[in-house]
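# A closer look at the structure
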Amino acid sequence: MLEPWIFIGLLLGAGMLLPGVAIVANWLLSPKKPNAIKQSTYECGIETVGETNVQLKGAYYIYALIFVVFDIEAVFLFPWAVAYKNMQLYMVLEGVLFILILAAGLIYAWRKGVLEWV
Amino acid sequence: MIDILKDPINWIGDLLSTWLVGLGLLPAFVTFLLQLLSAVILATTLLLLTFILIWAERKIVARIQDRLGPNRVGPFGVFQTVADLLKLVTKELITPEGVDRLPYNIAPLLTVAAVVGLWGVMPLAPTLLGADINVGVLYIISIGAIGTLGILLAGMSSNNKYALLGAFRTVAVMISYAVPMVLALLIPVLLSGSMGMQAIVVGQRGAPYFLLAPVAGIIFFVSSLAEVGRAPFDLLEADSEIVAGYNIEYSGLKFGMFFVAEFLHAFTISALTATLFLGGWSGPWVDLYPILGTLYFLIKTSIVYFVVIWIRGSFPRIRIDQMNALNWKFITPVALAGLIFTAVAEKVAVELELQRVIVHLGSSVLLIVLIIVVLGIYARITRRQAKAPAIAG
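Predicted model, so just to flag it, every value in this text is computed and none were measured.

## Structural notes on the overall build of chain A
Scanning chain A from terminus to terminus reveals 3 helices and 0 strands. Listing each helix as α and each strand as β along chain A from the N terminus yields α-α-α. Computed over C-alpha atoms, the radius of gyration of chain A comes to 25 Å, more than 25% over the 13 Å expected from 2.2 N^0.38 for 118 residues, which places it beyond the range of a compact globule. When each of the 118 residues of chain A is scored for burial, the buried share is 21%.

## So, the overall build of chain B
Within chain B, the secondary structure is distributed over 14 helices and 2 strands. The C-alpha atoms of chain B give a radius of gyration of 23 Å, which matches the 21 Å a tight globule of 393 residues would have. For chain B, the proportion of contacts with a sequence separation of at least 24, taken over those separated by at least 6, is 75%.

## What about helix α12 (residues 290-314) of chain B?
A rise of 1.5 Å per residue sets the reference length of α12(B), with its 25 residues, at 36 Å; its end C-alpha atoms lie 37 Å apart and thus fit the reference within 8%. All buried positions along α12(B) are accounted for by B:P290, B:I291, B:G293, B:T294, B:Y296, B:F297, B:K300, B:T301, B:Y305, B:V308 and B:I309.

## Re the interface of chain A and chain B
Contacts between the two partners involve 57 residues from chain A, matched on the other side by 70 residues from chain B. Breaking the side of chain A that touches chain B down by element, the ones donating at least two residues are α1 (3-29), α2 (58-82) and α3 (89-111) of chain A.

## With respect to the packing of helix α3 (residues 27-64) of chain B against helix α4 (residues 80-89) of chain B
Residue and element names in this part refer to chain B. The geometry of α3 relative to α4 is characterised by a closest axis approach of 8 Å and an angle of 115 degrees between their N-to-C directions. For the pair α3 and α4, the crossing hand works out as right-handed. Contact residues: α3 offers F51, I54 and W55, while α4 offers Q80, T81 and V82. Per-class residue counts for the contact of α3 with α4 are 4 nonpolar, 2 polar and no charged.

## Remarks on the confidence of the model for chain B
Within chain B, residue pLDDT values average 83, and 95% of them lie at 70 or more. Taken together, the chains of this predicted complex give a pTM of 0.88 and an interface ipTM of 0.86.

## Some points on unusual backbone geometry
Residue and element names in this part refer to chain B. Residues other than glycine seldom take positive phi values, yet D66 does so here, at roughly 65 degrees. Note on placement: D66 falls in the loop between α3 and α4. Classification of D66 by C-beta neighbours within 10 Å gives exposed; the count is 6. In this structure, F76 is a non-glycine residue whose phi angle is positive, near 55 degrees. One can find F76 in the loop between α3 and α4.

## Focus: helix α11 (residues 252-277) of chain B
All names here are of chain B. Taking 1.5 Å of rise per residue, the 26 residues of α11 would be expected to cover 38 Å, and the 38 Å separating its terminal C-alpha atoms lies within 8% of that figure. Most of α11 is tucked away: 24 of the 26 residues are buried. The positive-phi residue at the C-terminal boundary of α11 is G279, with phi of around 95 degrees.

## A short note on the environment of B:Q80
For B:Q80, the position within the fold is in helix α4. Here B:Q80 is in contact with B:W55, B:P70 and B:V73, once residues within four sequence places are set aside.

Thresholds applied
Residues numbered from 1 in each chain as written. Chains lettered and ligands numbered in written order. Predicted model: local features only at pLDDT ≥ 70, side-chain atom pairs only at ≥ 80, totals over all residues. Helix = DSSP H or I, 4+ residues; strand = E, 2+ residues; numbered from the N terminus. Rg over C-alpha atoms; globule rule 2.2 N^0.38 Å. Buried ≥ 20, exposed ≤ 12 C-beta atoms within 10 Å, placed from the backbone. Contact = placed C-beta atoms within 7 Å. Expected span 1.5 Å × (residues − 1). Axes fitted to C-alpha atoms, helices over the stretch in contact; angles between N-to-C directions. Left-handed = near helix turned anticlockwise from the far one by under 90°. Nonpolar A, V, L, I, M, F, W, Y, C, P; charged D, E, K, R; others polar. pLDDT = per-residue confidence, 0-100.

Set out below in structure tokens:
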């Protein structure tokens, strides 16, 4: 049971290690001559003004909210899909009803104008 | 001798494990060693594959745009990528002022690891699969999110406004397109009754799921293109607006790793599309010679990858408002409708004992007609609304 997960852990480890080795090789081979101009923040040749952490658009937050709703829905739908083969037709239709309720939520958000990028 | 032709990789694995057990090592330790060996071989192969992928992409895009592409270094320019890499290796690693060092350095590793990790559950042949976990599909979704995390870390730790904007866009796009991708992924799960990748491929021995649910297949392909940030969805690194987006402050191989991850990710989504919707390794004589499965898998993946490059060479980049509108107002409702259609069609076919391929094809045609009609009505309403002020004023 645990065996496949060991392989995945090892693969992820190898996926981190190999780029790490390459970057270390790069660090060993490369010249190291830092200066103030080279290390300044790059902004097309103009000096950067003010704070870097600018305020982000509110629309991003609203999209994130809709995403959370749909992602939680997916968590409920995956067990439904796995058990699909042993279901009667009315059970499938209940799942369809669940999807339609979510679709109603999407239509509500759409009518409220949340999906417009302003 | 016949065994080695049929399935060379497992043959070598068995040979190695017999030899190591014969040396007096614990069987559990031998299994671990072999897993370690295969993990390292798989990761190395994937990273080396990127050389060919980058070359193929540059060559094909050049042909689409009526250019020659790389043709100086080696025959047909195949060693161009190697030359580029050698140049990157000797470049200075500039760490700009004010960066958050730990996330800044860990981001490229995380991005590559997320892509390589996806191949852990990819069935390459009937007998060749890294890990047959029973939650393969969920694993793919979650590991894909780690790639997003890497990009977000890179953008936020770079202390650069362009990088930050790129990171915002990345997150907005990726979380938006994860929704239709998850909905499309439900369909192979539903039709095969399992979340394991191998079971999904076995379920497609009769008819590939692309034939049963073409709309879901296309939605999965398009939304994973967006998830990877490939053209035409590459606004997270739009070089004409935000220079390079999240990787702007990276140099040398740290940048190179983002580059590798991007190309490998494009190939990986091709492989996922081939596995989940085009039947993966299934094909004629695959039971007799499992190694043929790898060949079929690679052919299908290459075809999908060619389409990815073709799309890159043909479409202009879309704006972020268009991108979100496309997702929430078109792809997500269609994915919801497609899920309902497939779920009902499969059950109806089973209950009434009809030919399931015909029922599914019928429902797909119905769905496509429905989409076209709704789009027509929507276009008419929009046109009327656009005209209205002109009449009034």
